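The lines below spell out each chain.
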Amino acid sequence: VSQSLFEKVWAAHVVEELPGGNALVFVDRVVAHEITTPQGALEIERHYGDKLFDSDRIVAINDHVSPAKDMETAIQAKVLRDWAKRHGIALHDIGQNGICHVVVPERGYVEPGMTLACGDSHTCTLGAFGAFALGIGSTAQAGAMLAGCLVLQRPKVMRVTIEGRLGHDATAKDLALYVIATLGFKGGTGYVLEYRGSTIEALSMDERMTLCNMAIEAGATTAMCPPDETTISYLRGRERQPGGDAFETKAERWRALKADADAVYDRELYVDVDGLCPMVSWGTNPGESVALDATVPHDADPASLEYMELAPGQALRSLPLDQAFIGSCTNSRLSDLRAAADVLRGRTVTIPTIVTPGSQAVKRAAEREGLHDVFQDAGALWTHSSCGPCLGMSMGVLAPGARCISSTNRNFPGRMGTGGRVHLASPAVVAASAVLGRIASPNDLHAVSAMTETAVPA
Amino acid sequence: MSFGGRVLPLDRANVDTDQIIPAHNLTGIESKGLGKHLFTGMTGGPELLARYEGANVIVTRENFGCGSSREHAAWSLADRGFTTVIAPSFARIFHENAYNNGIAPIVVAASDIDVLLSAEAISIDLETERLHVERTRESESEGHPEVHRHDYTFQLDPLRKRFLLSGGYLAFLNAKIPDVRAWQSARGAA
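I will try to describe carefully the structure that is included in this document.

Right, let's talk about the environment of G21 of chain A for a bit. Residue and element names in this part refer to chain A. The residue G21 is located in the loop between β1 (14-18) and β2 (22-26) in this model. The class of G21 is partly exposed, set by a relative accessible area of 42%. Sequence-wise, G21 and R81 are 60 residues apart; in three dimensions their C-alpha atoms are separated by 37 Å. In this structure, G21 is in contact with L152, Q153 and R154, ignoring residues within four places of it in sequence.

With that settled, the discussion passes to the sheet that holds strand β4 (residues 58-61) of chain A. Residues and elements named next belong to chain A. Here 5 strands make up an open sheet; going across it, the order is β5-β4-β3-β6-β7 and the pairing parallel. Looking at strand neighbours, the two that pair on one side only are β5 (90-92) and β7 (132-135), the edges of this open sheet. Along the sheet, successive strands turn relative to each other by an average axial angle of 20°, direction set aside. Summarising the sheet, strand β3 (residues 29-33) and β4 pair through 4 bridges and their orientation is parallel. Looking at the pairing, A32 lines up with A60 of β4.

This brings us to the state of the cysteines. Residue and element names in this part refer to chain A. All told, the structure shown has 0 disulfides over all chains when counted by the stated rule. A disulfide-free cysteine, C124 has its sulfur positioned 7.5 Å from the sulfur of C212, the nearest such atom. What makes C124 buried here is its relative accessible area of 1%. Looking at the unpaired C225, the closest cysteine sulfur is the one in C212, lying at 3.7 Å. A residue is classified by how much of its surface remains accessible, and C225, at 0% relative accessible area, is buried.

A few words on the interface of chain B and chain A. Facing the 50 residues of chain B at the interface are 64 residues of chain A. Both faces combined, the contact of chain B with chain A buries some 4,600 Å², and carbon together with sulfur accounts for 58% of it. Here chain B is connected to chain A by 5 salt bridges. With a shortest N-O distance of 3.5 Å, R187 of chain B and D28 of chain A are connected by a salt bridge. Put simply, the parts of the chain that give the side of chain B that touches chain A at least two residues each are α1 (17-20), α3 (72-79), α4 (92-99), α6 (158-166) and α7 (169-189) of chain B. Sorting elements by how many residues they give to the side of chain B that touches chain A places α7 of chain B first, with 14 residues. In terms of residue class, the side of chain B that touches chain A is made up of 18 nonpolar, 18 polar and 14 charged.

Now for the sheet that holds strand β9 (residues 156-163) of chain A. Residues and elements named next belong to chain A. Taken together, 4 strands build an open sheet; the order of strands is β11-β10-β9-β12 and the sheet is parallel. If you trace the sheet from one side to the other, it starts and ends with β11 (222-224) and β12 (267-272), each paired once. Neighbouring strand axes in the sheet, compared pairwise and without regard to direction, differ in orientation by 25° on average. Packing of helix α6 (residues 172-183) onto the sheet brings it into contact with β9, β10 (191-196) and β12, and relative to β12 it is tilted by some 130°.

Turning next to the packing of aromatic side chains. Per the stated rule, a full pass over the model turns up 14 aromatic pairs over all chains. Considering the side-chain rings of F26 of chain A and W183 of chain B, the 5.2 Å spacing of their centres and the 40° angle between planes classify their relative orientation as tilted. Taken as a pair, F26 of chain A in strand β2 and W183 of chain B in helix α7 lie in two separate chains rather than in one. Here F247 of chain A and W254 of chain A contribute two aromatic rings whose centre-to-centre distance is 5.5 Å and whose plane-to-plane angle is 85°, an arrangement assigned as edge-to-face. W254 of chain A matches F247 of chain A in its accessibility class, with the two residues each being buried. Ring pairs connect the aromatic residues F6, W10 and F132 of chain A, which therefore count as one cluster. Over the face of the ring belonging to Y234 of chain A we find R238 of chain A, whose NZ or CZ atom lies 3.8 Å from the ring centre.

Scoring rules and cut-offs
- Residues numbered from 1 in each chain as written.
- Chains lettered and ligands numbered in written order.
- Predicted model: local features only at pLDDT ≥ 70, side-chain atom pairs only at ≥ 80, totals over all residues.
- Heavy atoms only, no water.
- Helix = DSSP H or I, 4+ residues; strand = E, 2+ residues; numbered from the N terminus.
- Buried < 20%, exposed > 50% of the residue type's maximum accessible area, 1.4 Å probe, protein only.
- Contact = heavy atoms within 4.5 Å.
- Pairing = 2+ DSSP bridges.
- Axes fitted to C-alpha atoms, helices over the stretch in contact; angles between N-to-C directions.
- Disulfide = S-S within 2.5 Å.
- Buried area = accessible area lost by both parts, 1.4 Å probe.
- Salt bridge = Lys/Arg side-chain N within 4 Å of Asp/Glu carboxyl O.
- Nonpolar A, V, L, I, M, F, W, Y, C, P; charged D, E, K, R; others polar.
- Phe/Tyr/Trp six-rings, centres within 6.5 Å; stacked < 30°, edge-to-face > 60°.
- Lys NZ or Arg CZ within 6 Å of the ring centre and 35° of its normal.

Function cannot be inferred from these measures alone, as they are strictly geometric.
Spelled out as structure tokens, the structure:
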């Protein structure tokens, strides 16, 4: 029987079919962070004798507010830390940590064909590796830690074929926003998005992660990219992967892990992204995004417009901003920082701008290239790694009414701070906007400097 | 366990988890006591809760609970006494979390939501999977009150309904451990 990529991974992990279309699905890797793990860990401690199915399958990462900002978050981190140490669970803590969806791949904890779950909706990021990786609640995570399994409704599969070459200045983030705007904010609900096509094949792993990261913003269970040589090259030599022949044997298996040519899908979506322009969100969910050159749609949801203080037909370019943020599990990897630095090099930001690397390893790599100097010379704040203001928890939360351009994944009301307004965009667009203090594409900066140069008297 | 009751009409779509409970309220380690934060991230949320105090059924529009995986959304609803959310659709993770926390996530047709939003109370029978609503309306011709009765059927996930009624997700999985180990050995041997 022909199978999709998803079906192959699913079938290899079903322990038992359960009533109502559910299945008991084995979980190869559980990622545990300090916001959603303590409750389940305490439940297991109190009612199930503190036993874990297999502590070697778990990786614990203090990431959301690290270092802690107050006593409560310090307790969360301590509970995770103590629990990990007590069970011999691999732990990434202050100084060696970062956002879990950045740390997990860079250390090689994820690989093609694997099932991976975490109490965090952006776990779909890791589907970029051809893993079935999904976000779950704390109780489900506790179940995976206790019994090594999840109870899941078998999702439907949507094949999403992406063809075409992105336009100048467009990135994987713009691709992600375009797919969500095409599919709709809940258009992927109940589905795994199985990506394919020449555009996907040409993406780096960082870019595939950015794309898959936002699958949840279309409601999808997760997304998956077929593993290929890009995937294998990324994983070769990573800390948690074996070396030498052992790795090459695994790589051979991964090369064979692909959808059958005649696999049948529940839905097909074809997206032509040839010449795609930079995108920006105008509303209060990521589906409410348009080309940066475009205007707010005339059929826009009035509630979104009211919250964002925008009007139908209003241009997004040149909208004045109060803050810029580059970071989050969507866009904080080294390539994202390079893209932002390329825009900021030799320029100065005119609004408060925060740059937060995705992990401490990314931070060090960026500093080896001198990117920290570029950001700080431009007048931006260069921080340690954390989830930070993306979800309004720390390190740059917005004031009510403040408008922020952000390389993150959610523009929900209050997401980055009660009453704060968020426009989602790529790191390059955020950087360009930070320079001009209003929504702008990198190309607008060239126009500005050209004008300045002509204005200089000879 | 009772699942029907007074209605809080939440006449909006895409109520995301940040509106249900903002992230700055996720700094605890326990699942209890989060009701005080419910809907504090929503414009008019606290006022709505005050106006419909004692309500235990939420009727809302599509894609309820979208966004974050935070089970705090279900915990905060449960802590405020909500046992049912009725909507045309739910986000997947919230849908799972609801079942694991004594909240029935009931899906009805989008075309039925208007009637349910205007109901004061809804009776719910989880066994037979039926909703019943009585609305008192002034009769247009006669000018005296008329009682309109509406019945709806719905379908719950048969397995998760057990978790809903007995809170048994972890107990269910705990009982599966020997099977999982056996499966794992068989897989290793293959």
